[in-house]
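Chains, contacts and geometry: an overview
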Amino acid sequence: MALIEDYALLGDLQTAALVGRDGSIDWLCLPRFDSPACFAKILHDEDAGFWRIAPTGAGDCTSRRYRGDTLVLESEWVTDTGTVRVIDFMPPRGKEPDLVRIVEGVSGTVEMDTQLQARFDYGHIVPWVRRTTPDQILLVAGPDALSLTTPVEIVGQDQASGARFTVTEGDRVPFVLAHFPSHLPTPRSIDAELALAGTVDYWHTWVSQLAYDGEWRDAVTRSLITLKALTYAPTGGIVAAATTSLPEELGGSRNWDYRYCWLRDTTFTLQALLGTGFVAEATAWRDWLLRAVAGDPADLQIMYDLHGARRIPELELDWLDGYEGSKPVRIGNGAAGQLQLDVWGEVLDGLHQGRTAGVPFDENAWQLMKALIAHLEDRWRDPDNGLWEVRGAQQHFVHSKVMCWVAFDRAIDMVERYGLDGPADRWRAIRDEIHAQVCEHGYDTERQTFTQFYGSEGLDAALLLIPAVGFLPWDDPRVASTVDAVQAELGRDGFVLRYHTHADNRVDGLPGAEGTFLICTYWLVDALVGIGRVEEARALFEKLLAVRNDLGLLSEEYDTVTGRLLGNVPQAFSHVGLVNAARHLSGDAIGATGRTPRLPAR
């Protein structure tokens, strides 16, 4: 099985595919990010579905790259008889999703193999295959159908479809895989070369909006392209990652489905996009949010599906062995029903950021903000599950309380800055009460650090955000001492755990351990810059850059012992961290939320 860092990303702004170094597409959900996978080899083996194109008998490609600032992947094999290139991409969606692969002869003559083994419903259903025209086969199972169009003669091989063919210098052999509802007529296949030109033009046009002139521009651009690829164009939703159940510990059970729209993750993604000039995505997300959370503010969820639906039941797929034996494989996410009070703060901060960055004013958005803050007036004192979605007992998490403070702070600023209507005096009193409570109960004076929750023996990397959101100024001594404590207690070879899983009698209620969290380590970079330790921050940032795979992609976590990436991939959180840390090191104002920190009332 390929390493998590071996995978490249393809996407059409509605779903995503993962391609290994061996030319095998091992993950693809159609027609959307959260649809059942038709290629799920990454979570089992070849029986769960894959599509490989590579030279006969070859292993991993000799080299690979994205074509400039695009999601067009070029994988090259240098063989004894010649050199061949496979060009993989997904055109930004028209009516139906298409996955295009063009085999290009670069030099000499190379014998190629292709094997397509689709397995619908996460490897559970073998499709019925038939030929419709001399250059097209059809794969059908229940409501789903795939058509493969190519001039290569495809034949059946042990419940799979494959071929052996030869390319010479100058040859370009197209393969176009399209998905469509099986009850509809087979759509006309797109022209692979025209689609390639259109895809390259799309990405170059989008990247041309980039407003970033700092250091590490290539790394920042690649992360922004990845974040854009995780947006769902029809609705404006943004998924946390493209995959499900890639483990936080190899062989462990901390395997979750991230193909949904977390309000928290989305607002962090908007920080990176807005901070580099991309306003349209923030506007689309604002409109998605207004639809998704419409109704009683008490019913606000921490996540929704791509269209804003609320029901995301968590199921286990017992026929899949999991990545490197990491079971169970889960789809859906039970955390959707948790109480996570920090989300109120992140949503209000996201709306506040959009407004200050130029998203057009919408009266409905302000009415939503007021309704959310009114509900929070009665709830902020409650314990919750926290941003890390613990499945143990609810606690008074410090980060949750700080983000409740942020919610009231941003609402007050909207009134003061834009003259909007709202009970600012009452909100100021609540904001001050939250601040006083956190400083009294969330700070350990003996250890000189804020703690994970009131009375906790453990720490939480999210404490690094306290100055970034403006709760305390960077020069407050409690900030520097907390940074030191997090570094000392949660640090692993420079990288940062989000918290100790064994602390406080296993606060998260789950067995096993996990790797260091990349977003948390980027928060440490920001914090080091904020307290003036810039050279240390720069060295840590360079260390983080070295963790990316050869294409600039990051998953959720990093195992400092094995040197491997862990968790779902590509992970929006990690790429957000990279973009924001690069901005801060390049001189942008420090603040994970884009708001200049200031001394709050005490």
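The structure presented is a predicted model; accordingly, all values stated were derived computationally and were not measured.

Here we come to the overall build of the protein. When its secondary structure is counted, the protein shows 14 helices and 28 strands. Overall size of the protein, expressed as C-alpha extent along the three principal axes, is 75 × 45 × 45 Å. Counting every position in the protein, which comprises 602 residues, the buried fraction comes to 64%. Relative to all contacts within the protein whose residues are 6 or more apart in sequence, the contacts with residues 24 or more apart total 67%. Summed over all atoms, the accessible surface of the protein reaches about 20,600 Å², with 49% contributed by carbon and sulfur. Each charge class in the protein can be summarised by its mean position, and for the 54 positive and 86 negative side chains these summaries are 3 Å apart.

Below, the discussion takes up the sheet that holds strand 28 (residues 564-566). On the basis of which strands lie adjacent, the open sheet formed by 3 strands has the order 26-27-28 and antiparallel pairing. One side of each edge strand has no neighbouring strand; the edge strands of this open sheet are strand 26 (516-517) and strand 28.

A cluster of like negative charges, contributed by Asp45, Glu46, Asp47 and Asp321, occupies part of the molecular surface. Tracing the backbone through its elements, the reader meets aspartate 45 in the loop between strand 4 (37-39) and strand 5 (50-55).

If you trace the backbone, glutamate 363 turns up in helix 7 (residues 363-379). A residue is classified by how much of its surface remains accessible, and glutamate 363, at 38% relative accessible area, is partly exposed. Each C-alpha atom of the pair glutamate 363 and aspartate 559 lies 46 Å from the other, and the pair is 196 residues apart in sequence.

So, about the pairing of strand 11 (residues 136-141). For strand 11, the tally of buried residues reaches 5 of 6 residues, placing the bulk of the element in the interior. In the sheet, strand 10 (residues 128-133) pairs with strand 11 via 5 bridges, with the strands oriented antiparallel. Following the sheet pairing, tryptophan 128 is matched in strand 11 by valine 140. Counting the residues between successive antiparallel strands, the hairpin from strand 10 to strand 11 contains 2 residues. Here 6 bridges tie strand 11 to strand 12 (residues 144-149), and the two strands are oriented antiparallel to one another. Residue pairing in the sheet places glutamine 136 in a bridge with threonine 149 of strand 12. Hairpin connection between strand 11 and strand 12: a loop of 2 residues separates the two successive antiparallel strands, and glycine 142 in this loop has a positive phi of roughly 60 degrees.

Of all hydrophobic cores here, the largest spans 204 residues; its most connected members are Trp51, Val103, Phe175, Trp523 and Phe541. Apart from the residues within four sequence positions on either side, valine 103 is in contact with Ile53, Val84, Arg85, Val86, Met112, Phe165, Val167, Asp171, Arg172, Val173 and Phe175. In terms of nonpolar packing, the next biggest core, distinct from the first, is built from 10 residues, Val72, Ile102, Leu196 and Val200 among them.

What the rule picks out here adds up to 44 salt bridges. When the shortest N-O distance is used, the salt bridge between glutamate 193 and arginine 172 registers 2.8 Å. Of this pair, glutamate 193 sits in helix 2 (residues 192-207) while arginine 172 sits in strand 15 (residues 172-181), and the two are 21 residues apart along the sequence. Looking at glutamate 193, the relative accessible area reads 35%, which means it is partly exposed. The salt bridge partner of arginine 417 is aspartate 413, with a shortest N-O separation of 3.2 Å.

Further remarks concern the environment of arginine 291. The topology assignment puts arginine 291 in helix 5 (residues 280-292). Residue classification places arginine 291 among the partly exposed residues on the basis of a relative accessible area of 49%. Arginine 291 sits 18 residues away from alanine 309 along the chain, and the two C-alpha atoms are 9.6 Å apart. Within polar-contact distance, the side chain of arginine 291 engages the backbone oxygen of threonine 235 at 2.8 Å.

Below, the discussion takes up the side chain of serine 75. Tracing the backbone through its elements, the reader meets serine 75 in strand 7 (residues 73-78). The buried category is assigned to serine 75, whose relative accessible area is 3%.

Thresholds, definitions, all that
- Residues numbered from 1 in each chain as written.
- Predicted model: local features only at pLDDT ≥ 70, side-chain atom pairs only at ≥ 80, totals over all residues.
- Heavy atoms only, no water.
- Helix = DSSP H or I, 4+ residues; strand = E, 2+ residues; numbered from the N terminus.
- Buried < 20%, exposed > 50% of the residue type's maximum accessible area, 1.4 Å probe, protein only.
- Contact = heavy atoms within 4.5 Å.
- Areas by Shrake-Rupley, 256 points an atom, 1.4 Å probe, with all protein chains shown as cover.
- Lys, Arg positive; Asp, Glu negative; His and termini not counted.
- Charge placed at Lys NZ, Arg CZ, Asp CG, Glu CD.
- Pairing = 2+ DSSP bridges.
- Patch = residues over 30% accessible without salt bridge, like charges linked within 9 Å, V, L, I, M, F, W, Y side chains within 5 Å.
- Salt bridge = Lys/Arg side-chain N within 4 Å of Asp/Glu carboxyl O.
- Core = buried A, V, L, I, M, F, W, Y, C linked by side-chain atoms within 4.5 Å.
- Polar contact = N/O pair within 3.5 Å; in protein donor to acceptor, adjacent residues only side chain to side chain.

So yeah, pure geometry; function would need other evidence.
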